[in-house]
Amino acid sequence: MPAALVTGAAGGIGRAIVERLESEGWSVHGVDVEDADLATPEGNRTVVDAALERFGRLDAVVPSAGFQHVAPIHQFPEERWDALLAVLLTSPFLLAKYAWEALVASGQGRFVAVASAHALVASPFKVGYVAAKHGLLGLVKTLALEGAEHGLTATAVCPAFVRTPLVEAQIAAQARAHELAPERVLEEVILAPHAVKRLIEPEEVAATVAFLVGEGGRAFTGVPVTMDLGWTAR
Ligand SMILES: NC(=O)c1ccc[n+]([C@@H]2O[C@H](COP(=O)([O-])OP(=O)(O)OC[C@H]3O[C@@H](n4cnc5c(N)ncnc54)[C@H](O)[C@@H]3O)[C@@H](O)[C@H]2O)c1
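Parameters at a glance
Residues numbered from 1 in each chain as written. Predicted model: local features only at pLDDT ≥ 70, side-chain atom pairs only at ≥ 80, totals over all residues. Heavy atoms only, no water. Helix = DSSP H or I, 4+ residues; strand = E, 2+ residues; numbered from the N terminus. Rg over C-alpha atoms; globule rule 2.2 N^0.38 Å. Buried < 20%, exposed > 50% of the residue type's maximum accessible area, 1.4 Å probe, protein only. Areas by Shrake-Rupley, 256 points an atom, 1.4 Å probe, with all protein chains shown as cover. Contact = heavy atoms within 4.5 Å. Near = heavy atom within 4 Å. Polar contact = N/O pair within 3.5 Å; in protein donor to acceptor, adjacent residues only side chain to side chain. Pairing = 2+ DSSP bridges. Axes fitted to C-alpha atoms, helices over the stretch in contact; angles between N-to-C directions.

For the rest of this paragraph, the subject is the overall build of the chain. Scanning the chain from N- to C-terminus turns up eight helices and six strands. Reading the secondary structure of the chain in the N-to-C direction produces β-α-β-α-β-α-β-α-β-α-α-α-α-β. Taken over C-alpha atoms, the radius of gyration comes to 17 Å for the chain, in line with the 17 Å a tight globule of 234 residues would show. Each principal axis of the C-alpha atoms in the chain carries an extent, and together these give about 50 × 35 × 30 Å. Counting the 234 residues in the chain, one finds 52% classified as buried. Total accessible area on the chain is roughly 10,500 Å²; 54% of this is exposed by carbon and sulfur atoms.

Below, the structure is given as structure tokens:
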């Protein structure tokens, strides 16, 4: 049975990925803050070791842990920048580094990072998140080149806004930053860049991850897999 490590497993997207992969016969080690702080090297080492101890193998690593901080650049706290980079960029790097030998041994290892449309385009007031997600795409491209001779692929799923606590939590901050009433934020800020005016459901992201770790995903490597409701078509 193939085995996967999924981070952010208590969150909207991570939980949906765990459920979807399990329903397709994967053994899944899902982790979140109660298991380890992925902002630290030890935390990332701990979760990779635990997955390997539990399953004796790793065929897929899916970093999905994350959070958002919304503030204009001149007020953006340095410690939030550091924390965003640690969780959104350094954690995927460390997970790949620590799991690399196991993914190579798999012969068909998959590294599928949950990135964002913000790996491709920017929005105001999200400097830490946007910089980290752009960096994550660079990480994935490099892993794709290093993994190629081992049958190991690396991709970055790039969704537009998904209906999860991460989005709900930023409505108040977006209202402050854009000087809008909170009830106007969804339509006027969050859905503004979407050509299709709806939120993506977590299960839709999970279905894309399941495709990428499956047989049909073998040719996808070193690329963003964009599911952005037309955001970047403009
Ligand atoms: N929700 C969206 O609109 C959206 C869009 C594009 C990309 N994404 C990305 O999808 C991923 C999942 O986001 P989500 O919407 O499910 O958010 P979420 O807030 O529902 O879940 C994120 C999870 O990450 C965990 N986490 C955060 N910091 C951690 C740490 N230091 N150590 C361990 N776990 C930690 C949280 O506890 C939480 O359970 C994130 O990387 C996010 O950037 C989300």
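On to the side chain of Asn44. If you trace the backbone, Asn44 turns up in helix 2 (residues 41-55). When its relative accessible area of 0% is taken as the criterion, Asn44 is described as buried. When near neighbours in sequence (up to four residues on either side) are disregarded, Asn44 contacts Leu38, Ser91, Leu94, Leu95 and Tyr98.

Close to the ligand lie 29 residues, the nearest being Ile13, Asp32, Tyr129, Val162 and Thr164. Gly11 is positioned such that a nitrogen or oxygen atom in its backbone is 3.3 Å from an oxygen atom of the ligand. Within the side chain of Asp37, an N or O atom sits 2.9 Å from a nitrogen atom of the ligand. Summarising the interface, the protein chains cover 90% of the accessible area of the ligand, which totals 830 Å² for the free molecule. Elements represented by at least two residues in the shell around the ligand include exactly helix 1 (12-23), helix 3 (78-106), helix 4 (127-147) and helix 5 (165-168).

Turning to the sheet that holds strand 1 (residues 3-7), a few remarks are in order. Taken in spatial order, the six strands make up an open sheet running 2-1-3-4-5-6, and their pairing is parallel. Here the strands that pair on one side only, and so sit at the sheet edges, are strand 2 (27-31) and strand 6 (223-227). For this sheet, the mean angle separating the axes of adjacent strands, direction not counted, is 15°. Strand direction decides the pairing type here: strand 3 (residues 60-62) and strand 4 (residues 110-114), joined by two bridges, are parallel. From the neighbouring strand, Ala60 faces strand 4, where its bridge partner is Arg110.

The next subject is the side chain of Thr208. Following the sequence through the fold, Thr208 ends up in helix 8 (residues 202-213). Relative accessible area serves as the criterion here: at 17%, Thr208 is assigned to the buried category. In contact with Thr208, not counting residues within four places along its chain, are Val157, Val225 and Met227.

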